[in-house]
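Okay, here's what each chain looks like letter by letter:
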Amino acid sequence: GPVLCVVGARPNFMKMAPILRALAAHEPAIDVLLVHTGQHYDEKMSEQLFRDLRLPRPDINLEVGSGSHAVQTAEVMRRFEPLLDEHRPSCVLVVGDVNSTLACTLVAVKKNVPVAHVEAGLRSGDRAMPEEINRVLTDQVADRLYTTERSAADNLAREGIAPERVCFAGNVMIDSLLASREAARAPERTLAAHGFDPALLAQGYGVVTLHRPSNVDDPATLEALVRTLGEVAAQLPLVFALHPRTRGNIERFGLGSLLDSGRTVLLPPQGYLEMLGLMSQAKVLLTDSGGLQEESTALGIPCLTLRENTERPITVEQGTNTLVGRDHDAILQGVAQVLSGQGKQGRVPELWDGHAAERIAADLWQWLSPRAP
Ligand code: UD1
């Protein structure tokens, strides 16, 4: 049967695109079905990224949409299960750490369908983070685990996972980045497309993204962060690409006025090529995203991560990432360093070389071969 590849939410798409290309280019070709759970469904959160990343249309869309964690996870499970009976896949391939990742993994293992997990073994150590639960549980029951950095194998070993299940393949998200760099959209064009004066970027700018519940769901926390960002903007113009959750909360909590100094550009969620263009030319990124920590390290751009921990420690150890938490002084100091030319320098980690997906395709073929009838 085919390899059933699962995507659900925005950060899955850039990981799956190079994998699908590598599976198609593999000789012999590996048969694939692409399933979109529909966890993310907005044009901006989903369809535009499919186009930017040259992802084929999903063969199946489960259209689960939003809901509480329980409802969303359960809906994915309920709708995913019949696909396994219908298509009899040789394995289910999941990426990342979103609710769809865990939901499809659980369904597959209980029906004795092997699961391959790409981006396994990352651990923040913070169980209050929904993604951490998804990571721990997915890795515990998945059969083949592809890792992006060496620390992941240590985490998995500590959790009792046999090293034979683990394969250090590199970072597929960086495959996408390197494949798309040429096509990145100029930041001036992105601003102009939204009615902002591109001249604002001329003296340099920073890029902001925020969407973690721990940062944006509590009114006092979000207000403090937005005030700090307002102070940063007084020194360096900021381009803020707003996740729907964050936009909604800024409106609900009445915080919009803190960002209307004329030095902050508020944009809707951006396409992949727009975001890549914005990041590539930025002086600094301020973010709570997992993906941006890695992308900034690959691009060599300083990143201030607005979290207390990271599941991607290599970006701090070798890359350009600094954990500043939500601390006002640490954030402003980080920006001051960048502005004085002292921003963190780094190097690109091992196997973040644009060929991770090819290594995964080759390994997957080997791994599945003995199982073929
Ligand atoms: C999910 C992932 C997170 C990832 C993020 C990237 C989980 C647990 N979280 O978080 O790891 O970093 O995606 O964006 O899986 N919404 C829309 N349109 C959409 C999708 C969501 O408006 O297309 C709004 C809805 O109000 C929804 C809220 O965003 O309730 C949250 O969406 P959800 O899929 O639950 O999680 P994210 O916060 O996006």
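Residues numbered from 1 in each chain as written. Predicted model: local features only at pLDDT ≥ 70, side-chain atom pairs only at ≥ 80, totals over all residues.

### Details of the overall build of the chain
Put simply, the test is: Elements are defined by DSSP. Helices are runs of H or I of four residues or more, strands are runs of E of two residues or more, and each kind is numbered from the N terminus. Only C-alpha atoms enter the radius of gyration, while the globule expectation follows 2.2 Å times N to the 0.38, with N the number of residues. Comment: burial labels come from other C-beta atoms within 10 Å of the residue's own C-beta, placed from the backbone, where a count of 20 or more is buried, 12 or fewer is exposed, and between is partly exposed.
Within the chain, the secondary structure is distributed over 16 helices and 13 strands. A globule of 373 residues ought to have a C-alpha radius of gyration of about 21 Å, and the chain, at 20 Å, matches this closely. C-alpha atoms of the chain, sized along the principal axes, occupy 65 × 40 × 35 Å. Residues counted as buried form 50% of the 373 residues belonging to the chain.

### Some points on the UniProt feature "domain: UDP-N-acetylglucosamine 2-epimerase" (unreviewed entry) in the chain
Quick note on the threshold: UniProt positions are given in the numbering used here, feature names are shortened, and annotations may be inferred rather than shown by experiment.
Here, the residues flagged by UniProt with the feature "domain: UDP-N-acetylglucosamine 2-epimerase" (unreviewed entry) are residues 26–362. Helix makes up 45% of residues 26–362 and strand 13%. Its end C-alpha atoms lie 7 Å apart.

### Concerning the site of the ligand
Inclusion rule: Being near a molecule or strand means, for a residue, that its C-beta atom, positioned from the backbone, comes within 6 Å of it. Charged residues are taken to be Asp, Glu, Lys and Arg, nonpolar residues to be Ala, Val, Leu, Ile, Met, Phe, Trp, Tyr, Cys and Pro, and polar residues to be all remaining types, Gly included. Boundary definitions for the domains trace back to an automatic or database domain assignment.
Near the ligand, the surroundings consist of 20 residues, among which Asp 42, Met 45, Ser 66, Val 98 and Pro 244 are the closest. Elements that contribute at least two residues to the shell around the ligand include exactly helix 1 (10–25), helix 2 (43–52), helix 5 (130–141) and helix 11 (244–252). Here the shell around the ligand is composed, by residue class, of seven nonpolar, eight polar and five charged. Structurally, the shell around the ligand is a two-domain feature, drawing no fewer than three residues from each of domain 1 (3–170 + 352–371) and domain 2 (185–339).

### Thoughts on the sheet that holds strand 4 (residues 91–95)
This is how the line gets drawn: One requirement defines pairing of two strands: DSSP has to find at least two bridges between them.
The parallel open sheet is built from seven strands, whose spatial order is 3-2-1-4-5-6-7. Sheet topology places strand 3 (60–61) and strand 7 (166–168) at the edges, where each strand pairs with a single neighbour. Bridge analysis of strand 1 (residues 3–7) against strand 2 (residues 32–36) gives five bridges, and the strand direction is parallel. Residue Val 6 lies in a different strand from strand 2, and its bridge partner there is Val 35.

### Side note on the environment of His 117
Applicable threshold: Residue pairs qualify as contacts under a 7 Å threshold applied to their C-beta atoms, which are placed from the backbone.
Topologically, His 117 is positioned in strand 5 (residues 115–118). Overall, the presence of 26 C-beta atoms within 10 Å leaves His 117 in the buried class. Separated by 25 residues in sequence, His 117 and Ala 142 place their C-alpha atoms 6.5 Å apart. Contacts of His 117, omitting those with residues within four sequence positions, involve Val 94, Thr 138, Asp 139, Ala 142, Leu 145 and Tyr 146.

### Thoughts on the packing of helix 1 against helix 7 (residues 172–180)
To keep it simple, the criterion reads: A fitted line through C-alpha atoms serves as each axis, taken over the contacting stretch for helices, and the angle formed by two N-to-C directions is quoted from 0 to 180°. Reported orientations rely on four angle classes, namely roughly parallel under 35 degrees, roughly antiparallel over 145, roughly perpendicular from 65 to 115, and oblique for the rest.
Interaxial distance between helix 1 and helix 7 falls to 7 Å at its minimum, and their mutual angle equals 80°. Between helix 1 and helix 7, the crossing angle belongs to the class labelled roughly perpendicular. Packed against helix 1, whose contacting residues are Met 14, Lys 15, Ala 17, Pro 18 and Ile 19, the element helix 7 presents Val 172, Met 173, Asp 175, Ser 176 and Ala 179 at the interface. When grouped by side-chain class, the residues that make up the contact of helix 1 with helix 7 number seven nonpolar, one polar and two charged.

### What about the nonpolar core?
The condition is simple: To define a nonpolar core, we join buried Ala, Val, Leu, Ile, Met, Phe, Trp, Tyr and Cys residues through C-beta atoms within 7 Å and take the resulting set.
Core analysis: the biggest nonpolar cluster contains 99 residues, and Cys 5, Ile 19, Val 92, Leu 93 and Ile 360 have the highest contact counts within it. Per-element tally for this core: the top contributor is helix 1, with eight residues. When residues of this core are assigned to domains, at least three map to each of domain 1 (3–170 + 352–371) and domain 2 (185–339). Apart from the residues within four sequence positions on either side, Cys 5 is in contact with Met 16, Ile 19, Leu 20, Val 32, Leu 33, Leu 34, Val 35 and Leu 93.

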